[in-house]
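Understanding the architecture of this molecule
This is what each chain is made of:
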Amino acid sequence: MALPSCQQCALRRALCSTTVPTRHCRAAVIRGYLTAAVSLLTKMAELGAGSLLTGDPAFSYQEHELNERLKRLYPAVNEEETPLPRSWSPKDKYSYIGLSQNNLRVHYKGHGKNHKDAASVRATHPIPAACGIYYFEVKIVSKGRDGYMGIGLSAQGVNMNRLPGWDKHSYGYHGDDGHSFCSSGTGQPYGPTFTTGDVIGCCVNLINNTCFYTKNGHSLGNNLMKNDLRPNLYPTVGLQTPGEIVDANFGQQPFVFDIEDYMSEWRAKIHSMIARFPIGERLGDWQSVLQNMVSSYLVHHGYCATAMAFSRATETMIQEDQTSIKNRQRIQKLVLAGRVGEAIDATQQLYPGLLEHNPNLLFMLKCRQFVEMVNGTDSEVRCFSVHSPKSQDSYPGSPNLSPRHGATNAHLHSTGADSPTCSNGVTPTNKNKSHNKYTGVSSASSSPSSSPSSVNYSESNSTDSTKSQPHSATSNQETSDSEMEIEAEHYSNGVTESSARIMNGTYKHQEILQADDSSVGNGVADDSCSSRQLCGGNQAATERMIQFGRELQALSEQLCRQYGKNATHKKMLQDAFSLLAYSDPWNCPVGQQLDPMQREAICSALNSAILESQNLPKQPPLMLALGQATECVQLMARVRSGSCSFARVDNFLH
Amino acid sequence: MRNDGRPIPTLEVSAAQQQIHLHTFFILQEVTATSRHYVDRLFDPDPQNVLQGVIDMKNAVIGNNKQKANLIVLGAVPRLLYLLQQSSSSLELRTECAVVLGSLAMGTENNIKSLVDCHIIPALLQGLLCSDLIFIEACLRCLRTVFISPVTPVQLLYTDPTVIPHLMSLLSRSRHTKEYITQIFAHCCKTPEHQTVLFNHSAIQNIAPLLISPSDKVRMQALKCFSVLAYENTQVSMTLVNVLVDGEQLSQVFVRMMQRDKPIEMQLTAAKCLTYMCRAGAIRTDDNCIILKTLPCLVRMCSKERLLEERVEGAETLAYLMEPDVELQRIASFTDHLVSMLADYFKYPSSVSAITDIKRLDHDLKHAHELRQAAFKLYASLGSNDEDIRKKITETENMMDRIVSGLSESSIKVRLAAVRCLHSLSRSVQQLRTSFHDHAVWKPLMKLLQNAPDEVLVMASSTLCNLLLEFSPSKEPILDSGVIELLCSLTQSDSPALRVNGIWALMNMAFQADQKVKVEIVRALGTEQLFRLLSDPDTNVLMKTLGLLRNLLSTRPHIDQIMSSHGKQIMQAVTLILEGEHSIEVKEQTLCILANIADGNTAKELIMTNDDMLQKIKYYMGHSNVKLQLAATFCISNLIWNEEDGSQERQDKLKDMGFVDILHKLTQASDPNLCDRAKTAMQQYLA
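What you see is a predicted model, and the numbers here were worked out from it, not measured in a lab.

**A look at helix α25 (residues 412-425) of chain B**
Residue and element names in this part refer to chain B. Between its first and last C-alpha atoms α25 spans 20 Å; for 14 residues at 1.5 Å apiece the expected length is 20 Å, and the two agree. Burial analysis of α25 places eleven of its 14 residues in the buried class, which makes it a mostly covered element. Within α25 the residues assigned to the buried category are Val414, Arg415, Leu416, Ala417, Ala418, Val419, Cys421, Leu422, His423, Ser424 and Leu425. Sitting at the head of α25, Ser411 places a side-chain oxygen 3.3 Å from the backbone nitrogen of Lys413.

Listed below in structure tokens is the structure:
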């Protein structure tokens, strides 16, 4: 993964060398950051896409293949907005047309005396511009009496008692004479004739607004019309004499013509156009803009030391005060570690008035705190469980067990640096890996800890308290700092978009809540499973939780009185309380809440609120730029600029 | 540049110019002085100083052609080579020497010439025997630069037979050795002998894995190697189809390299490889990798978006690919409007380029000839079989005019290609009747025939053969332009192809011709030449000559007239051929001539009075080959035909000679034609 390795690289450079990195190196670092940050978005998009495909259990093989192929050919198309043509429309056809075989086969059933008996059918949907390049094929099953068949495109509303191409806003390639008709009753000599057994394809290029046909996999060359194609054209076929039968292939089967090869050429063209976009003399400006973006991104998420190292290397300024960054970093870490109560306290202490002015945020935080109490991670319940020997098993991530020093330390870092998945959402393989590792560690060190784990824990994650940490005291400040940064990275890598979607999960969370994963994932660790009890299994803690629940209920009622009913709050509260209804909250319908990933949204919201209160942007400019680019590409699709298909943001995030 | 400090003006120049001249001279002189310093340091007794000197020289020559030329003039090369070859030199010094030499080679062609003259190639090849990779790479880099220059004789790579195997063994040493060695091979494989040498040293097995190298350059050079190895080489091509690269067939690897997002050079070269393999018969023409991949790829190379060089190569390769296969010609003819796309090849230099910039004009001019000849070649290939395609070609804008002007272009390559194109189109009866006549293509064609190299003559005369076909409206004007003398002179050529075409054209001309034309042909050719042609070692020439005789000996008055003046010689020639060792076709043709003679009024007697000839006819009537039997029977049938003077005597004589028995036997023949013919002949007796 580029992010950690680049970060380390940047750090190393900042620490070891005094020279300013060359422009190239700097560019590489920036690219690294950009890449890492925005690849999260991609991941999200993929998750979203994946869910679309599930559902219907009676998924025929052909439909599955069709979906796969369409997805591959037209990744930029949002089918919820602009569905792709998948069959002929039984509604949008002339009466002389008969449809069969899932509306893919078209046959002529009129008299076929003359051209007045011509009949056409359109596909169910127009071709979305976001396709960039669209293609479909038609196989001539039978040429019938005279083979007066036309294959092409037409707009909604064009007379269906005609062959495609004869009328305005329609285009067609005709089998009897091989002519191409472009909105005119007289055709232009275009290609060979076609007949029974031939496969005719029609390709629409929405980038340069041209269209060409293919015969048996051979491109017949561009149509003479240029920049003439109307938007929202439908695949269309027209027949005119009895016995004519054609079958459409909208992607149900592999195409005879290698359309993907053609697309790859255009993709390469557009990419090189983007790569060669002239920036002229603004090179310097661009560089400083990029540096600021990276720097502000780092600052936003509280990667304090990295941000400092970066600003030293690139000679950029950081607006925010360093302590402020560190404060935010500390609060974020608390939230991500599940110690929401402490986070609330810290926020109230450092940013008085903030939560008072944001009752919704406070409520969210409190709800989370309740969930964490159930989880046994919040400090209000943890203080009860320190004496329980089992708690050691529950918190294998506490610092004396945490592989931050010694042999495993290197391993941890190298994993962070090499594995492309570690900061990019959790993948199953990664999960298993960290599992086994931590299960091993936890069982090996079940001896009672001498120091209160809560203290240890807090210190390990807080730069402020390094002095009291015996382990860290021995190491020099810089090393500790850098390790901290790397670890911090694992913790607070979560990024939210305006839509407040959670951007990723990190394996560090698993480390903390390793017990959960192992029982759900592979059931290796029986002991950790049994150790997972409500509020860590402590009676006093449970009581405290119940009391806290009442307070929360009261707060909800108070808010309700003050600001009126809030459905979101109600739901949140309900969900949180529901956890208590199950004997094993981790393994229940609402158990999802206990997942440490859920902390990221609230963490991000709190961070944004703090920044806003300091008159700083609540979103890092990098994410704004990325969001804007993504929006722009979507807008391009809406205004029918076909090149959007090959200029997708995720094409540039590696 | 002379070093005696005195400029020698060769022309009277104006004062201003002279000043410039002097100015540059002084600069040069300064440069020469510093250059001398570099060379002097190569002779320093302290090896450390020498090394530093070479390193400084390296830095001084980079990108400086003047400096390079100076150092060469000052004799740096032999010294560098000496240092490079000395085993006492440190490896570092030897490497630096190779690097400097490589840099010098990067200069002008003159630099390369000087380096080659100093025997740099054997010295560097010797250097490859060293074990140090860095040094080897430096030597290879320099060798590469020298060998890819057009001024270096490629033969130098093959003089020492140990070189190629050694290069093969070095191939896999590093990314650079791979790149340089494959590049050397790709440039130095120019003849079938070179191909064989490389093939015998396992070039294919050694280079194939490089096709999936992570380095773009290595892949590209490896691909080029295969294209030059496979060109017109069946052995290589047949081996290539069975090669697997990482479990994948080589042809599939090439197909992947033709994908549209790959660099154009790679697509084009991969298409060449597959084309050569296909032409060598290693891949069928109906294989998908040819029909759906190679052919469309080559058509794309002809598009306006490609560079002029790429369009030339694309068109030439495509022409070569589909030359023998009508199906490929048909597919290509409708792919991406190829026929009209090619019309654009004739629009260089365009009127726009002339106005916009000189550089562009220069570039266009340079490629204009190449473009035109490539287009003509491709048209020729496209139209070689299919009538519809020929029609499409001739209907392309100004096509016939372009051919006509192409026929008289100064460039031989264009003239040859134009006449090839014309020849291909001349196979169309319809075009001969229409566009060929409308555009009077015979005129430039005749002009071309007056004075042209043999290869052009072969094509032009072959085209003329078609233009002289009986139904061609151009036949008359061509006859009037004194073509007979020209064709007769062609029959005396040393080239069998020209002799065939000459006699073939005469044969076509004599078909159903006027008496006057026939007499003129016989007169111009002369019986002596005619009989010389009848003993031509080339069967084709013999066949066409017999064909000419047969055409001359048609319609009774002509037969009698010619036989009366040349009867004796003709009968002699016929006897000779029938007695000689000839193919069935030749003998059949000869018997047909005899049958024609037998059709004459007076000419008949030449056979009737020649018992030996009659015995021969009898022999062929009983031959095991039906065609010969048929022709001989035809001859007899003509001799005994009723309603002609003296038919009774001839019938009697032949009956006495036992022909009737033979005819009777032949009426029972299994071949229906022969049977009919015999029956018809027998009826003459019955009547």
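**Quick look at the sheet that holds strand β9 (residues 188-189) of chain A**
Residues and elements named next belong to chain A. Strand order across the open sheet formed by seven strands is β1-β4-β13-β6-β7-β8-β9, with antiparallel pairing between neighbours. Each edge of the sheet is formed by a strand with only one pairing partner; in this case those strands are β1 (88-93) and β9. Bridge analysis of strand β6 (residues 150-155) against strand β7 (residues 170-174) gives five bridges, and the strand direction is antiparallel. Among the inter-strand pairings, Ser154 is bridged to a residue of β7, identified as Ser170.

**Here we look at the pattern of salt bridges**
Two side chains bearing opposite charge may form a pair once their charged atoms approach each other closely. Residue and element names in this part refer to chain B. Per the counting criterion, the structure on display carries 44 salt bridges over all chains. Note that Lys224 and Glu265 form a salt bridge whose closest N and O atoms lie 2.9 Å from each other. With Lys224 in helix α13 (residues 216-230) and Glu265 in helix α16 (residues 264-279), the pair connects residues that are 41 residues apart, well separated along the chain. Residue classification places Lys224 among the partly exposed positions, given a relative accessible area of 22%. By relative accessible area, which is 39% here, Glu265 ends up partly exposed. Residue Glu528 pairs with Arg532 through a salt bridge whose shortest N-O separation is 3.4 Å.

**Details of unusual backbone geometry**
Located in the positive-phi region is Asn216 of chain A, a residue other than glycine, with phi close to 50°. Relative to the elements of secondary structure, Asn216 of chain A occurs in the loop between β11 (210-215) and β12 (218-222). The class for Asn216 of chain A is partly exposed, based on a relative accessible area of 29%. Although it is not a glycine, Asp246 of chain B adopts a positive phi angle of roughly 55°. Considering the arrangement of structural elements, one finds Asp246 of chain B in the loop between β1 (244-245) and β2 (248-249). What makes Asp246 of chain B exposed here is its relative accessible area of 71%.

**Topic: the sheet that holds strand β10 (residues 199-205) of chain A**
Residue and element names in this part refer to chain A. The seven strands lie next to each other as β2-β3-β14-β5-β10-β11-β12, forming an open sheet whose pairing is antiparallel. Across the chains shown, the open sheet's two edge strands, defined by having one partner strand only, are β2 (97-100) and β12. Taken over all neighbouring pairs, the strand axes of this sheet differ in orientation by 25° on average, direction set aside. Docked against the sheet, helix α4 (residues 259-275) engages β5 (133-143), β10 and β11, running at close to 155° with respect to β5.

**Structural notes on the UniProt feature "repeat: ARM" (unreviewed entry) in chain B**
All names here are of chain B. Here the UniProt feature "repeat: ARM" (unreviewed entry) sits at residues 75-111 and 525-567. From the first C-alpha to the last, residues 75-111 spans 12 Å; its make-up is 76% helix and 0% strand. For residues 525-567, the helix share is 81%, the strand share is 0%, and the end-to-end C-alpha distance is 16 Å.

**Notes on the interface of chain B and chain A**
A common way to state how big an interface is: give the accessible area lost once the parts meet. On the side of chain A, 17 residues touch chain B, which itself brings 14 residues to the contact. Taken together, the two surfaces of chain B and chain A that pack against each other cover about 1,300 Å², and 50% of this comes from carbon and sulfur. At the surface where chain B touches chain A, the tally comes to three salt bridges. For the pair chain B and chain A, the number of links is eight residue pairs in polar contact (both at pLDDT 80 or more). The set of elements that each furnish at least two residues to the side of chain B that touches chain A consists of α17 (288-301) and α19 (326-334) of chain B.

**With respect to the pairing of β2 of chain A**
The sheet contact formed by β2 of chain A and strand β3 (residues 105-108) of chain A spans four bridges and is antiparallel. Within β3 of chain A, the residue paired with Ser100 of chain A across the bridge is Arg105 of chain A.

The rules we used
Residues numbered from 1 in each chain as written. Chains lettered and ligands numbered in written order. Predicted model: local features only at pLDDT ≥ 70, side-chain atom pairs only at ≥ 80, totals over all residues. Heavy atoms only, no water. Helix = DSSP H or I, 4+ residues; strand = E, 2+ residues; numbered from the N terminus. Expected span 1.5 Å × (residues − 1). Buried < 20%, exposed > 50% of the residue type's maximum accessible area, 1.4 Å probe, protein only. Polar contact = N/O pair within 3.5 Å; in protein donor to acceptor, adjacent residues only side chain to side chain. Pairing = 2+ DSSP bridges. Salt bridge = Lys/Arg side-chain N within 4 Å of Asp/Glu carboxyl O. Axes fitted to C-alpha atoms, helices over the stretch in contact; angles between N-to-C directions. Contact = heavy atoms within 4.5 Å. UniProt positions renumbered as here; feature names shortened; annotations may be inferred. Buried area = accessible area lost by both parts, 1.4 Å probe.

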